[in-house]
Amino acid sequence: MIWAKEETLSRKEIEEIQIARLKEQVAWSYERVAPYRAKMDAAGVKPEHIRTLKDLQLLPFSVKQDFRDNYPFGLFAVEREKLQRIHASSGTTGKPTVVGYTPEDMKNWTENVSRIACQGGAVPGDMAQICFGYGMFTGALGLHFGLENIGATVAPTSSGNTKKQIMFMQDLGTTVLVATPSYALYLGEVIQSMGLDPKKDLKLRVGLFGGEGMTEAMRQQMYVLFGEQFCATQNYGMSELNGPGVAGECPELCGMHINEDHFIAEIINPDTGEVLPEGEKGELVITCLTKKALPMIRYRTRDISRLFYEPCKCGRTTARMENLSGRTDDMLIIRGVNVFPSQVEEVLSAMPQISPYYEIIVDRKGQLDTMEIKVELADNSLVDSYGELEKLSATIGSRVKSVLGLDAAIRLEAPGKLQRFEGKAKRVTDNRKSLGLNC
Amino acid sequence: MKQISVLVENHVGSLAAVTALLKEAHVNIKAIASFDSPSYGILRMVVDAPEQAALVLQESHFAVKITDVLTVEMEDQPGALDHVFAVMAEAGIDIYYVYSFVYRLDKAPLMVLNVSDNEKARQVLKGAGIQIVEE
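Values in this document were obtained by computation on a predicted structure and should not be read as measured data.

Student: Is there a simple way to think about the sheet that holds strand β5 (residues 70–73) of chain B in this case?
Tutor: Two modes of strand pairing occur in sheets, parallel and antiparallel, and in both the strands are linked by backbone hydrogen bonds. Residues and elements named next belong to chain B. A sheet is described by the order of its strands in space; here three strands give the open sequence β5-β7-β6, paired in antiparallel fashion. One side of each edge strand has no neighbouring strand; the edge strands of this open sheet are β5 and β6 (95–100). When strand polarity is set aside, the average angle formed by the axes of neighbouring strands in this sheet is 25°. With five bridges joining them, β6 and strand β7 (residues 110–115) adopt antiparallel strand pairing. By the bridge assignment for β7, tyrosine 99 is matched with valine 112. Strands β5, β6 and β7 of the sheet are contacted by helix α3 (residues 80–90), whose axis makes an angle of about 20° with β7. Running at roughly 10° to β5, helix α4 (residues 118–127) makes contact with β5 and β7 of the sheet.

Student: Which parts of the structure should I look at to understand the pattern of salt bridges?
Tutor: Side chains bearing opposite charge may pair, as long as their charged atoms lie close to each other. Residues and elements named next belong to chain A. If you walk through the whole model with that rule in mind, you get 35 salt bridges over all chains. Across the pair arginine 432 and aspartate 430 runs a salt bridge, and its minimum N-O distance is 2.9 Å. It is possible to trace a salt-bridge network through shared partners that takes in Lys5, Glu6, Glu111, Arg115 and Asp261.

Student: Mind showing me how you'd approach the domain arrangement of chain A here?
Tutor: Where interface size is given, it is often the accessible area lost as the parts come together that is meant. Residues and elements named next belong to chain A. Taken domain by domain, chain A holds domain 1 (1–325) and domain 2 (332–434). With centres defined by C-alpha atoms, the gap from domain 1 to domain 2 works out at 30 Å. At the interface, 19 residues of domain 1 touch 14 residues of domain 2. Buried area between domain 1 and domain 2, both sides added, is near 1,300 Å², and the carbon and sulfur share of it is 54%.

Student: For this particular structure, what's the right way to read unusual backbone geometry?
Tutor: Both trends apply: most residues other than glycine have a negative phi, and most peptide bonds are in trans. Residue and element names in this part refer to chain A. The omega torsion across tyrosine 71 and proline 72 is -10°, close enough to zero to call that bond cis. Mapped onto the fold, proline 72 is located in the loop between α3 (64–69) and β1 (85–88). Not every positive phi belongs to a glycine, and leucine 253 is a case in point at roughly 55°. With respect to the helices and strands, leucine 253 occurs in the loop between β8 (243–249) and β9 (256–258).

Student: How do you make sense of a nonpolar patch on the surface when you look at a structure like this?
Tutor: Residues and elements named next belong to chain A. Nonpolar side chains collect at one region of the surface, where Met167, Phe168 and Leu172 lie side by side and expose about 230 Å² of accessible area between them. Position of phenylalanine 168 relative to the elements: it lies in helix α6 (residues 162–172). The exposure class of phenylalanine 168 is partly exposed, given its relative accessible area of 31%.

Criteria and cut-off values
- Residues numbered from 1 in each chain as written.
- Chains lettered and ligands numbered in written order.
- Predicted model: local features only at pLDDT ≥ 70, side-chain atom pairs only at ≥ 80, totals over all residues.
- Heavy atoms only, no water.
- Pairing = 2+ DSSP bridges.
- Helix = DSSP H or I, 4+ residues; strand = E, 2+ residues; numbered from the N terminus.
- Axes fitted to C-alpha atoms, helices over the stretch in contact; angles between N-to-C directions.
- Contact = heavy atoms within 4.5 Å.
- Salt bridge = Lys/Arg side-chain N within 4 Å of Asp/Glu carboxyl O.
- Domains from an automatic or database assignment.
- Buried area = accessible area lost by both parts, 1.4 Å probe.
- Patch = residues over 30% accessible without salt bridge, like charges linked within 9 Å, V, L, I, M, F, W, Y side chains within 5 Å.
- Areas by Shrake-Rupley, 256 points an atom, 1.4 Å probe, with all protein chains shown as cover.
- Buried < 20%, exposed > 50% of the residue type's maximum accessible area, 1.4 Å probe, protein only.

Written out as structure tokens, the structure reads:
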């Protein structure tokens, strides 16, 4: 189901909306957000210089640090009294990022999430269970309002208490699950360990996953746990850009459709800031076209992706962003080699003998970086054989080496040993940082 | 007879972590074997309550596997072990590993054997007059 006509406009129509809104938004920011005005002045750009979409490239970037420098309200374009809602980022990487919404922003946010929910397969009448942590995090209330808006019934079960989540899932007849992909996998494991068959005992049809990236391997595991018919899609957003609702997958699974009448996406070279041609991989930069309380122009997301503009088989014409292949700040530099945890994950997930859970520990011994990967055995069948265990370690090691070009120590752990996460999974421990080393 | 195999890490205290759990569960260890390897070890044991031992260890996130092994009575005299191994060799059965019980009062040790074919081994050992202990 396609929620809005704006998802099927021609490229020309989309661009007409974008340029009109961009001009308005740049003027709004310049007038009302002193820190951004200072950046534009320093770059010698005035709102009237923005005539075509190409002129977007003249504008300075916004970055996470701007939020910290202007904490809490310095980037806002309206007085606090005009805000209807405040949210904040989790603050896992520093002071929380405070964001706010005018009543109009709330409407647009809800509209965008409604589209994402329908893209992912939700329909009016669905029973949606939201297992995101409520509170300051945008994910839970974002999906909550969007799903209510399309006419779904929402159960705000929030995070934690897995047994109770499963009880509600059974008793309410939940058809749509909203969660991080890691938590959904954990739920699936617990459901199976309780002897339930998700295909028979649950009515689950759709999974709308977000809060962290879902790799193809995780998606395959969703099918194993919840059945082949399960429609497992992911969606994209971050609190700086409202929250969820920037983009989402449709069942064609060929990238996430961007709500282009509200957001302009660009891909840049993260080192030079230069805009890259269509189809090239780089850092995703998003300009918000309708956000009034907290306008964000050319926000550097630190997420790595690429863009495609051909219309999709699903009927939507909006640009698609490829599923994330990492974050610029997730990237580890180990012995001079760039390593994304997602690369390790793809290797591990291709191996049926181990579970999708893993941990990477980076350390430094003398002058040399070391990498250890803890993986979890899928079951106990290999435990009595040194030969089988050693063969498995060696195979993982050589596959990791062929992908990363690095040696890693592989440590096999018992099934269920590695930590499960209800929110964003923390897979990497970099001990070099606690040693105060440059990395 | 049932044997439990436990995956243990190569660091100080990892064996004690296993035995502490078994002690708490009042599980008695009757035979035990462990060998060194570069990264991890497999601790193999015959205990009086294998199912319970496996459960207790798995709850503490140890990887545990229960396998069938053969346990044979030994004559307390030179050549007894040679006799067992010769029977197996003649029957073309692989012995993967062997270890012995930790106490037998004044009797000769019981030997635990993990072999390529339990049923066949059982037959040939019996045929050669070697006593197999089932419980």
